[in-house]
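Structural overview
Below are the chains, spelled out letter by letter.
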Amino acid sequence: FRGVIAVDGPSGSGKSSVCREVARTLGLRYLDTGAMYRAVTWAALDRGLDLTDQPAVAALSRALVLDVATDPASPRIAVDGVDVTAAIRQTRISENVSAIATNLDVRSDLIARQRALIEEKGAGIVAEGRDITTVVAPDADVRLLLTADENARIARRARELHGNDDAASLAATHAQIATRDARDSTVVDFLVAADGVVEIDTSPLTFEQVVAAVLRVVSE
Ligand code: ADP
Ligand code: CDP
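First, a word on scope: everything that follows refers to the structure included in this document.

Conventions we followed
- Residues numbered from 1 in each chain as written.
- Chains lettered and ligands numbered in written order.
- Predicted model: local features only at pLDDT ≥ 70, side-chain atom pairs only at ≥ 80, totals over all residues.
- Heavy atoms only, no water.
- Helix = DSSP H or I, 4+ residues; strand = E, 2+ residues; numbered from the N terminus.
- Rg over C-alpha atoms; globule rule 2.2 N^0.38 Å.
- Buried < 20%, exposed > 50% of the residue type's maximum accessible area, 1.4 Å probe, protein only.
- Contact = heavy atoms within 4.5 Å.
- Areas by Shrake-Rupley, 256 points an atom, 1.4 Å probe, with all protein chains shown as cover.
- Lys, Arg positive; Asp, Glu negative; His and termini not counted.
- Charge placed at Lys NZ, Arg CZ, Asp CG, Glu CD.
- Salt bridge = Lys/Arg side-chain N within 4 Å of Asp/Glu carboxyl O.
- Pairing = 2+ DSSP bridges.
- Axes fitted to C-alpha atoms, helices over the stretch in contact; angles between N-to-C directions.
- Core = buried A, V, L, I, M, F, W, Y, C linked by side-chain atoms within 4.5 Å.
- Near = heavy atom within 4 Å.
- Polar contact = N/O pair within 3.5 Å; in protein donor to acceptor, adjacent residues only side chain to side chain.
- Nonpolar A, V, L, I, M, F, W, Y, C, P; charged D, E, K, R; others polar.

1. Focus: the overall build of the protein
Helix and strand counts for the protein stand at 9 helices and 8 strands. The C-alpha atoms of the protein give 17 Å as radius of gyration, which agrees with the globular expectation for 220 residues (17 Å, within 12%). For the protein, the C-alpha atoms occupy an extent of roughly 45 × 45 × 30 Å along the three principal directions. Within the protein, buried positions represent 49% of all 220 residues. Counted over contacts in the protein with a minimum sequence separation of 6, partners at least 24 positions apart contribute 76%. Accessible area for the protein stands at about 9,900 Å²; split by element, carbon and sulfur atoms hold 52% of it. A gap of 3 Å separates the mean positions of the 24 positive and 32 negative side-chain charges of the protein.

Below, the structure is given as structure tokens:
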């Protein structure tokens, strides 16, 4: 398989981890489009911009040199030469990224860059985000929506961020994820599968089972 696999889904549905593993297994490149929205957020905070100033944030986005590595073994991202791979996972970025993602001029800029990355080198790629199956690459060879019920997604995120899923961690994670998904879904629909998109409900599945399910769809 040497084509394009497009994957969307809400936070904690398993996109990043599953897509990286699928890309490794099939020898494809891997594109995490969420990292690009996070990188613009990092830059806007770094420059002290008012994130509600949409024209200023869009102008910044267009001026940034975003260096996105698509090797699934090391998916790094740099902004104007600064490696922000670790920094963009900070809570302050997760809390502010929706303000950037709901800026339609930023979206146009990043969507164009994502299409260029997908087409680069003509090699196959697994690209994941919120609007890949619908906007960025609606002609992809394989289009998937990963879903999971909210409790499963929150428990996964809590274990990832806090190392456990006790009541306090679940409550903190619930607030963050619910707010972000609600804001994000005002500009992109990643909760319902578009026409021709195969939905995989990952709630009852282990990570390995989800990877196997995706590989099965690709081989069909
Ligand atoms: P997304 O990119 O959709 O936000 P991630 O791939 O980051 O989701 O997954 C969130 C967390 O859940 C990660 O810690 C990941 O290892 C874990 N995870 C992924 N798939 C499953 C699964 N099927 N069951 C349990 N945990 C999972
Ligand atoms: O934390 P999680 O892995 O769920 O999020 P992410 O994939 O890193 O995406 C971070 C944020 O980027 C999302 O909350 C959206 O606001 C935005 N995003 C988007 O709008 N469109 C995409 N294709 C990908 C991400």
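2. A few points about the pattern of salt bridges
When their charged atoms lie close together, side chains carrying opposite charge are able to pair. Counted by the stated rule, this structure contains 11 salt bridges. For Asp-32, the salt bridge is made with Arg-89, and the minimal N-O distance between the two is 3.1 Å. Of this pair, Asp-32 sits in strand 2 (residues 29-32) while Arg-89 sits in the loop between strand 5 (82-83) and helix 4 (91-101); the two residues are 57 residues apart in sequence, bridging distant segments of the chain. With a closest N to O distance of 3.1 Å, Asp-80 and Arg-47 form a salt bridge. Of this pair, Asp-80 sits in the loop between strand 4 (77-79) and strand 5 while Arg-47 sits in the loop between helix 2 (33-46) and helix 3 (54-63), and the two are 33 residues apart along the sequence. Looking at Asp-80, the relative accessible area reads 39%, which means it is partly exposed. Residue classification places Arg-47 among the partly exposed positions, given a relative accessible area of 37%. Several salt bridges share partner residues, and in doing so they unite Asp-46, Arg-47 and Asp-80 into one network.

3. A short note on the sheet that holds strand 1 (residues 4-8)
Here 5 strands make up an open sheet; going across it, the order is 2-6-1-7-8 and the pairing parallel. A single partner strand is all that each edge strand has here, and the edge strands are strand 2 and strand 8 (198-201). Within this sheet the neighbouring strands show an average axis-to-axis angle of 20°, counted without direction. Where strand 1 meets strand 7 (residues 142-147), 4 bridges bridge the pair, whose relative direction is parallel. By the bridge assignment for strand 7, Ala-6 is matched with Arg-143. Here helix 2 sits on the sheet in contact with strand 2 and strand 6 (125-129), set at roughly 45° to strand 2. Packing of helix 5 (residues 104-119) onto the sheet brings it into contact with strand 1, strand 2 and strand 6, and relative to strand 2 it is tilted by some 170°.

4. Overview of the nonpolar core
Counting residues in each nonpolar core, the largest one holds 38 residues, and the members touching the most others are Leu-31, Met-36, Trp-42, Ile-77, Val-79, Val-84 and Ile-118. Tallying contributions element by element places helix 2 first for this core, with 8 residues. With residues up to four places along the chain from it excluded, the contact list for Val-84 reads Ala-39, Trp-42, Ile-77, Ala-78 and Val-79. Counting residues in each nonpolar core, the second largest holds 19 residues, with Ile-5, Tyr-30, Val-211 and Val-214 among its members.

5. Structural notes on the site of ligand 2
Ligand 2 sits among 15 residues. The nearest are Arg-38, Arg-107, Arg-157, Arg-180 and Asp-184. Here a nitrogen atom of ligand 2 sits 3.0 Å away from a polar atom, N or O, in the side chain of Thr-33. Contact distances for ligand 2 include 2.7 Å between an oxygen atom and a side-chain N or O atom of Arg-38. Isolated, ligand 2 exposes 540 Å² of accessible area, and the fraction of that covered by the protein chains is 98%. Those elements that provide at least two residues to the shell around ligand 2 are helix 2, helix 4 and helix 8 (167-184). Ranked by residues supplied to the shell around ligand 2, first place goes to helix 2 with 4 residues. Considering only residue class, the shell around ligand 2 consists of 3 nonpolar, 4 polar and 8 charged.

6. Let's talk about the sheet that holds strand 4
The strand order 3-4-5 describes an open sheet built from 3 strands, whose pairing is antiparallel. Two strands close off the open sheet at either side, each with one partner strand: strand 3 (66-68) and strand 5. Where strand 4 and strand 5 come together, 2 bridges link them in antiparallel fashion. Residue pairing across strands places Val-79 opposite Val-82, the latter belonging to strand 5. Helix-sheet contacts for helix 2 involve strand 3, strand 4 and strand 5, and the interaxial angle to strand 4 is about 30°.

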